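# Chains, contacts and geometry: an overview
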Amino acid sequence: MAKPNHSASLRERFNISRIAIAFPWLTLGFWIAISVAGIMAFSSLKYALFPDITFPVVVVNASAPISTAIDTEEKLTKPLENQLKSLQNLDEIRSSTYPGQSAIFLSFSIGTKLEASSRQVETYLKQLPLPKDATLQVIPFNLNESAAISYSLQSITRNLSDLTLIANQEIIPNIAKLPGVLKVVLLGNNQQNISNNSSENSAQEIINTPPTLVRFNGKDALAFQVIKRGDANTLEVVAAVEKEVDRLRGKLSDVQINLAATQAEYIRKATHATIDALIEAIVLSVIVIFPFLWNWRATLISALAIPTSLLGTFIVMAIYGFNLETITLLALALVIGIIIDDAIVDVENISRHLELGESPRQAAIFATNEIGLTVTAATLTAVAVFLPIALMHGVIGQFFKPFGITVAAALLTSLLVSRTLSPVLAVFWLRPQSKHYHSESHFFQGFAPIYRKILHWSLHHRSIVIGLAIISFILGIAIIPLIPKGFIPKLDRGEFNIAYHTPIASLMEKQKKEIASTLIWGDLDFEKIAQESKNNNKKPANNSMPNFLKDSVKVGKKLEEVVLNSPEVKTVFSIVGSREGETNKGNIYIQLKSDRTQHTATIQDKIRQKLPAITDVNISVEDIQFVDTGDQKPLQIALKGDDLKHLSQTAKLIKENIEKLPGFADVSTTSATNELDNIFQVDRLNNQRVAYITANLSKDVSLGNATDKVVSVAKAIMPPEISLDLGGDSARIGEVFGSFASTLLMSVLCIIIVLILLFKSWIDPLVIGVSLPLSLIGAMLALYLTKSDFGMISLIGFIFLLGLTNKNAILLVDYINQLRNTGINRNDAILQAGPIRLRPILMTTAATILGMVPIALGWGAGAELRSPMAIAITGGLITSTILSLIVVPVVYSLLDDLFPRFQKKAQ
């Protein structure tokens, strides 16, 4: 006779399903209330592409009557950097120094208040003595205050002056009043911007802007950019602007208001595609249940867990202020299979008890007593995996905090559903079955005997099973170097930029030659030229065009000609000059046709090859950034050293070697002109001189592998006095793997703690933990076969696997223990528990995998972002499920030999 079991009483004492069954209408009323609140919460959520991440940047522009860049660095830049380097929450300080001018870029930690940082900078600068006649300007720069949408203005009957008048009087003031609009900038002629004064909700302020020229589809035009507020939702702002523009088009019939540029269309497509994947995941997860249960009532009860859990999750998302964006929608789509898992296990166990002849109420109570602690343990360990994701720091942490919290909320809600709503519905809807009825479908009935035979063989050949498990883990490790390392996959957005600029040093040299060709000059007065250039840049474009702007326009037209001749291109929107007033720069935004047959990256490479090589002009064909960090090219390295000429020579040599490597494009260095007798530009990073080398990459080259190649090339060339730092996305790869390594360890630690608390033993957690590395081989093999990057997205998939793979092991181990508590010997308990738990394990795994299929297949906009995660999870689940069904019982028996906990019987 078995002794009274403490765990059994614990199961009954904490079985909230008993309370739910005792008060069914209260239970139903509670979930109806949650559903109504969830619908209201869902209606308040906003659509976006990515989570709201703010990169606080403060720019300090300084000028002084100093004739050389070296003297400017010594007298202006260095004192400013030394004064500012002790600022609170300062992550990085970069500067560029020119003759008489210095620009210092202060990057603060994520989450730092921009206004407070700006005030802090101003306070620090007041304490600094500056050279005579020096001027300072402090500019807070919120990268989220970006152009939400841009329109070009053209007319057959009106000239640019007339269009300017119409724009200033009838178009811009109306759009500036719209909610979420920070300001509307008019580009092209008599440039002005009108800001939205939120207190009076009217246009109150007109500010002169730099002379920026605009061309649309190869023709001169006016344009207006709608700059959204930093906290405004892009889609909401764009929707309001589009509505107002439609009204204005009807009113201004002789003015063509053409959409020039917006990211809103891609955001809409990407969110809709993710929602489609979410719906498909729900449908497939539900469909897979019926063949296992062969009971439509049980299938319906399990399926109801999905919408109910999602509605509860929406409440949490609304409380935290999350958006319906790629990351949270992906979290919901991936979690569908897990949401339904708990309900499946409960309903399956209730159905099994009904087959034993129990009434629906008895079956619900007995089954929930039996499975309740198991389901709770499995779900809480999964939650323990995802919560550390929400606690990650830096850019990665901000990016995935909504993911971790959304998944954790969905899991906890689904646990509550399975513990309360599912048993109550089972009592109402499920019916007692005859002794000859089997809910299992015919195709499943053959699985259990086969599995029992395999399990029996494995228990008698334990060394072979353990050996195969170890070999599979080693193979998983061995595959890792074969998988390309990346940061964010290249997205097929159907849009990209061509950025170009001429170094100021080259332009000054050109001016020097032009002047020398007509006058006899001794030493050129660079201070005078710099000051004249600065003054010219402040003049209105319709009065006189600065020389830098003329050169930039010429370059832009040459590039436009090539782009417009490309058959895949729909529209071309060019802006000459930058919003910082740099007239040596230009940007061409290209929108591709929707019916194109080639990936955006392929078209980029084709256009890049056709672009003309223009002397002293840096041209870069660039992706639209997934999050605006201020960095343009993905691959960046910084050479650090004191001697500017050595830096320049080394950078040039490295650049020449990188250009020979396949897959590298638009390679450039900032110090190209510093080999001249005069130093025109000095770049500094964290109070040290640097030379930057940047590059774009073709579609077939991963960022991680490219970075490794560049570092290898650089180290072979660099003299001892020069060192190397990574920047841009290259540096973020290291941050990603570092963050995920610590998060992975934290997740494993959380799993162990939760399991020890629940099982009151370290042996069972150790057995369950064996299932975790068994997923590695499948995940790595899946990434390798599909040529997916091993990067930020797939790494989340690995952590996701931790929360999934241990659930199956918990189901097995807990039921083996329950059977042994009744007096059954170990091997018999294993052979009995395995086939009984096989059905719920296969059901939950199949539901999860099928839920991943629409995401893994990579359909719709943004598929490149979603797919690697689903691929890693699917591959890992397949191997971990197959292996854990065999390995976990074998490891259980081995540890039981070493640390026996139950009364020994003949094995």
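Before reading on, note that the structure itself is shown above.
The text that follows walks through the structure, step by step, so that each part is easy to find. (Residues numbered from 1 in each chain as written. Predicted model: local features only at pLDDT ≥ 70, side-chain atom pairs only at ≥ 80, totals over all residues. Heavy atoms only, no water.)

### Describing the pattern of salt bridges
Inspection of the entire model under this criterion finds 26 salt bridges. A salt bridge links Asp254 to Arg158; the shortest N-O distance between them is 2.6 Å. Pair noted here: Asp254 is in the loop between α7 (234-251) and β12 (256-262) and Arg158 is in the loop between β5 (147-154) and α6 (160-176), with a separation of 96 residues, a long-range link. Relative accessible area serves as the criterion here: at 32%, Arg158 is assigned to the partly exposed category. Between Arg826 and Asp896 there is a salt bridge, with its nearest N and O atoms 3.2 Å apart. Of this pair, Arg826 sits in helix α27 (residues 826-856) while Asp896 sits in helix α28 (residues 863-898), placing them 70 residues apart in sequence. (Salt bridge = Lys/Arg side-chain N within 4 Å of Asp/Glu carboxyl O. Helix = DSSP H or I, 4+ residues; strand = E, 2+ residues; numbered from the N terminus. Buried < 20%, exposed > 50% of the residue type's maximum accessible area, 1.4 Å probe, protein only.)

### A look at helix α21 (residues 644-659)
An ideal rise of 1.5 Å per residue puts 22 Å on 16 residues; α21 measures up with 22 Å between its terminal C-alpha atoms. Taken residue by residue, α21 has Leu644, Leu647, Ser648, Thr650, Ala651, Ile654, Lys655 and Ile658 as its buried positions. Next to the buried residues of α21 lie α4 (69-84), β17 (635-640), β18 (664-669), β19 (682-685), β20 (688-697) and α22 (703-717). Structurally, the start of α21 carries an N-cap: the backbone nitrogen of Lys645 is 3.0 Å from a side-chain oxygen of Asp643. (Expected span 1.5 Å × (residues − 1). Contact = heavy atoms within 4.5 Å. Polar contact = N/O pair within 3.5 Å; in protein donor to acceptor, adjacent residues only side chain to side chain.)

### A short note on empty space enclosed by the protein
In the structure shown here, the tally under the stated rule is five cavities of 30 Å³ or more. Computed from the structure, the largest cavity encloses a volume of approximately 70 Å³. Around the largest cavity, the lining residues are Asp341, Asp342, Val345, Val375, Ala378, Lys807, Asn808, Leu811 and Thr844. Residue composition of the lining of the largest cavity, grouped by class: four nonpolar, two polar and three charged. (1 Å grid on protein atoms, 1.4 Å probe; cavity = no way out; pocket = protein on both sides within 12 Å on 5 of 7 lines; lining within 4 Å. Points joined across faces, edges and corners; volume = space filled by probe spheres on them. Nonpolar A, V, L, I, M, F, W, Y, C, P; charged D, E, K, R; others polar.)

### Examining the packing of helix α3 (residues 24-44) against helix α10 (residues 296-320)
Where α3 contacts α10, the two axes come as close as 7 Å, and the packing angle between them is 55°. Regarding the angle of α3 to α10, the classification is oblique. In this structure, the crossing between α3 and α10 has a hand that is left-handed. Residues Trp31, Ile34, Ser35, Ala37, Gly38, Ile39, Ala41, Phe42 and Ser44 of α3 touch α10, and the partners they reach there are Thr308, Leu311, Gly312, Phe314, Ile315 and Ala318. Grouping the amino acids of the contact of α3 with α10 by side-chain chemistry returns ten nonpolar, five polar and no charged. (Axes fitted to C-alpha atoms, helices over the stretch in contact; angles between N-to-C directions. Parallel < 35°, antiparallel > 145°, perpendicular 65-115°, else oblique. Left-handed = near helix turned anticlockwise from the far one by under 90°.)

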